[in-house]
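# Analysis of the macromolecular model
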Amino acid sequence: METIGIINIDPWTALDDDSFYDYLVYFDRLVYKIGARESLEKFVKSFPKGAERWDKRLSEILALENAGLMTIIDKEKSKIEFNPNKKYIEYSIKSIETSKSFLCEESKKMPFEDRFVEFLEIFRVSTQLESRADAIILNNGRDANYTPIIKEENYKYSFKENYTDHSATKVVIKKFPSIFSESNHEKFIDFKSDPDTQLKLSRLRNWAFDIGKMGFTEKEIEQKLDFLLKEYEEQIKLHNMKYELNTFETVAMISLEVIENIAKLSFSKAAKVLFELGKEELKLLEAEHKFTGKEVALLYKLKANNKT
């Protein structure tokens with residue numbers, strides 16, 4: 001089953017430096033929406049370097065669309081029968097009410113700077129509620145899991161209950177280092193198609209799904225994730241050290257024997273070196289499957305790749 005992220009392009013998303021590739025490390029692909037596109041483009045381009053960032057964002061979307069990794073949400077909806085339910089209507093109404101709250105008398109009395117920030121915050125909450133509504137429609141009878149990407153939770157508008165389901169996914173994505181972009185697209189595809197990556201990603205997704213059902217706060221989820229990652233890192237360090245010591249010991253013990261047997265053309269005994277080293281590496285891989293925190297092994301792998 002595909003795991004698909006839903007992202008709604010708001011001014012913050014258009015202006016920030018995050019890459020959609022960061023989301024695609026976790027999701028198989030993305031679907032997106034750009035509401036009021038012309039107005040949004042004008043608004044974003046009014047900022048310093050806004051035009052440059054807008055063009056960069058569109059370029060990234062186009063590259064991902066061409067690679068089959070990103071699709072506009074209308075194309076996804078066209079494949080299904082529209083059947084709104086109670087929850088869909090609730091999110092849609094809350095989204096509209098949130099948008100209208102910008103026009104309330106209290107908001108109108110604010111200084112321009114505060115009202116401007118208020119507008120951006122309201123825009124984000126409203127579009128994220130739309131993403132929740134879209135997820136309900138897209139998940140209806142589909143052989144895929146559509147998950148709205150919740151960037152920021154704004155409790156000022158009392159919508160905390162709408163976001164808790166996906167807090168674990170949000171925390172996990174925040175931990176991904178930005179190591180991929182449009183410029184190294186082929187490297188990203190190789191990484192995603194690696195069987196080791198797929199196994200680690202599956203474990204990470206299962207962990208996020210399970211812990212997301214337990215009612216933890218975002219802070220608690222982050223603490224649990226950090227603990228598991230630290231545990232895993234410590235075990236990796238110890239086992240790597242053990243592997244290196246065992247490897248050194250193996251080489252030291254049989255190096256003279258190898259030299260002697262190569263001189264005698266006894267290649268079967270000489271091949272014992274490679275066999276013994278291979279056994280040590282296999283022991284290390286087997287140990288990793290039993291580590292505490294193996295569910296977050298993908299995050300460790302990404303951090304290690306980011307340092308190279």
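Structural data are supplied above this passage.
Computed from a prediction, not measured in an experiment: that's the story for all the values here.

Cut-offs applied
- Residues numbered from 1 in each chain as written.
- Predicted model: local features only at pLDDT ≥ 70, side-chain atom pairs only at ≥ 80, totals over all residues.
- Heavy atoms only, no water.
- Pairing = 2+ DSSP bridges.
- Helix = DSSP H or I, 4+ residues; strand = E, 2+ residues; numbered from the N terminus.
- Axes fitted to C-alpha atoms, helices over the stretch in contact; angles between N-to-C directions.
- Contact = heavy atoms within 4.5 Å.
- Core = buried A, V, L, I, M, F, W, Y, C linked by side-chain atoms within 4.5 Å.
- Buried < 20%, exposed > 50% of the residue type's maximum accessible area, 1.4 Å probe, protein only.
- Arc of directions from axis to C-beta.
- Polar contact = N/O pair within 3.5 Å; in protein donor to acceptor, adjacent residues only side chain to side chain.
- Phe/Tyr/Trp six-rings, centres within 6.5 Å; stacked < 30°, edge-to-face > 60°.

### Quick look at the sheet that holds strand β2 (residues 29-33)
- Spatial ordering of the open sheet is given by β3-β2-β1-β4, a layout of four strands whose pairing is parallel. Of all strands in the sheet, those bounded by a partner on one side alone are β3 (70-72) and β4 (144-148). Geometrically, the sheet is characterised by an average inter-axis angle of 25° between neighbouring strands, direction not taken into account.
- As judged from the three bridges shared by β2 and β3, these two strands associate in the parallel manner. Across the sheet, residue Tyr32 finds its bridge partner in β3, namely Ile72.
- Relative to the sheet, helix α4 (residues 50-66) contacts β2 and β3, its axis offset from that of β3 by approximately 105°.

### Things to note about the nonpolar core
- Within the largest apolar cluster, 48 residues are counted, with the highest numbers of intra-cluster contacts made by Phe20 and Phe176.
- Judged by nonpolar contacts, the second largest core, of 16 residues, contains Val31, Ile80, Tyr88 and Ala144.

### Section: the pairing of strand β1 (residues 2-8)
- Counted residue by residue, β1 has six buried out of seven residues, so it is predominantly covered.
- Summarising the sheet, β1 and β4 pair through five bridges and their orientation is parallel. Directly across from Ile4, in β4, lies its bridge partner Tyr146.
- Here β1 runs beside β2; their pairing, made up of five bridges, is parallel. When the sheet's bridge partners are listed, Ile4 is paired in β2 with Arg29.

### Section: helix α11 (residues 185-193)
- Among the residues of α11, those classed as buried are Phe188, Phe191 and Lys192. Burial along α11 is one-sided: seen end-on, the buried residues are contained in an arc of 95°. Along α11, the residues that are exposed and aim more than 90 degrees away from the buried face are Glu186 and Asp190.

### A look at the environment of Thr13
- Relative to the helices and strands, Thr13 resides in helix α1 (residues 11-15).
- Under the relative-accessibility criterion, Thr13 is labelled buried at 2%.
- Through-space distance from the C-alpha of Thr13 to that of Arg57 is 8.8 Å; in sequence the pair is 44 residues apart.
- When near neighbours in sequence (up to four residues on either side) are disregarded, Thr13 contacts Ile7, Asn8, Phe20, Arg57 and Arg124.
- A polar contact of 3.2 Å, which involves the side chain of Thr13, links it to the side chain of Arg124.

### Focus on the packing of aromatic side chains
- Tallying each qualifying case throughout the model produces eight aromatic pairs.
- Where Phe20 meets Tyr23, the ring centres are 6.1 Å apart and the plane angle is 40°; that geometry is what we call tilted. Of this pair, Phe20 and Tyr23 both sit in helix α2 (residues 20-26), three residues apart, which is roughly one turn of the helix.
- With a relative accessible area of 1%, Phe20 lands in the buried category.
- Classification of Tyr23 by relative accessible area gives buried; the value is 5%.

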